[in-house]
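Residue strings, one per chain:
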Amino acid sequence: MVHVVVYRQEGLLRGFNVTGHADYDVYGSDIVCAGISAVAQTILIGLVEHAQVKASFVIEPGNLQCL
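Quantities reported herein were computed from a predicted structural model and do not represent experimental measurements. For every chain, the first residue of the written sequence is number 1, and numbering continues from 1 along that sequence. Local features in this predicted model are restricted to residues of pLDDT 70 or higher, and side-chain atom pairs are both shown and tallied only at a pLDDT of 80 or more, whereas totals for entire chains, interfaces and linings draw on every residue. With hydrogens and water set aside, each side-chain value is computed from the structure's full complement of heavy atoms.

1. Quick notes on the overall build of the chain
From N to C terminus, the chain includes one helix and four strands. Helix and strand labels come from DSSP, where a helix needs a run of H or I of at least four residues and a strand needs a run of E of at least two; each type is numbered from the N terminus. Starting at the N terminus and walking to the C terminus, you meet the elements of the chain as β-β-α-β-β. Each principal axis of the C-alpha atoms in the chain carries an extent, and together these give about 40 × 25 × 15 Å. Out of the 67 residues belonging to the chain, those deemed buried represent 16%. The criterion used for residue contact is that any of the two residues' heavy atoms lie within 4.5 Å. Looking at the chain alone, contacts between residues at least 24 apart form 33% of all its contacts between residues at least 6 apart. Here the term buried applies to any residue with accessible area under 20% of the maximum for its type, exposed to any over 50%, and partly exposed to those in between, with areas from a 1.4 Å probe on protein chains only.

2. Points about the layout of surface pockets
Grid spacing is 1 Å over the protein atoms alone, the probe is 1.4 Å, and a cavity is where that probe fits but cannot get out, while a pocket is an open set with protein on both sides within 12 Å along at least five of seven lines and lining residues have an atom within 4 Å of a point. Grid points are joined across faces, edges and corners, and a volume is the space filled by probe spheres set on the points. Reported here for the largest pocket is a volume of approximately 380 Å³. Along the walls of the largest pocket sit 24 residues, with Gly20, His21, Cys33, Ser37 and Gly62 positioned nearest its centre. Where the lining of the largest pocket is concerned, the elements lending two or more residues are β2 (12-20), α1 (31-50), β3 (57-60) and β4 (63-66). Ranked by residue count, the leading element in the lining of the largest pocket is α1, at six residues.

3. A few points about the sheet that holds β2
An order of β1-β2-β4-β3 is seen for the four strands of this open sheet, with the pairing classed as antiparallel. Of all the strands in the sheet, just β1 (2-9) and β3 have a single pairing partner and so form its edges. Here the average twist between neighbouring strands, direction ignored, is 10°. Two strands qualify as a pair provided that DSSP identifies no fewer than 2 bridges between them. Two elements, β2 and β4, share four bridges in a ladder whose sense is antiparallel. Axis lines are fitted to C-alpha atoms, over the contacting stretch for helices. Their N-to-C directions set the angle, which ranges from 0 to 180 degrees.

4. Observations regarding unusual backbone geometry
Phi at glutamate 10 takes a positive value of approximately 55°, unusual for a residue other than glycine. Topologically, glutamate 10 is positioned in the loop between β1 and β2. For glutamate 10, a relative accessible area of 77% corresponds to the exposed category. A positive phi is found at aspartate 23, a non-glycine position, where the angle reads about 60°. With respect to the helices and strands, the residue aspartate 23 is situated in the loop between β2 and α1.

Okay, here's the thing in structure tokens:
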């Protein structure tokens with residue numbers, strides 16, 4: 001199961017964490033996980049590269065965290 005946690009402080013978005021696997025198909029062939037990963041990474045790239053947000057991030061298999 002995929003879990004998304006959004007971190008807020010004083011009503012403002014401060015980060016997010018996407019963990020887990022969708023288990024739609026075997027590891028490496030799961031198109032649901034691939035889609036979720038693509039959207040999460042697009043959000044991260046948009047924040048860091050285009051909005052120039054100073055964010056730290058971790059990308060590992062089954063985990064994407066942006067703070």
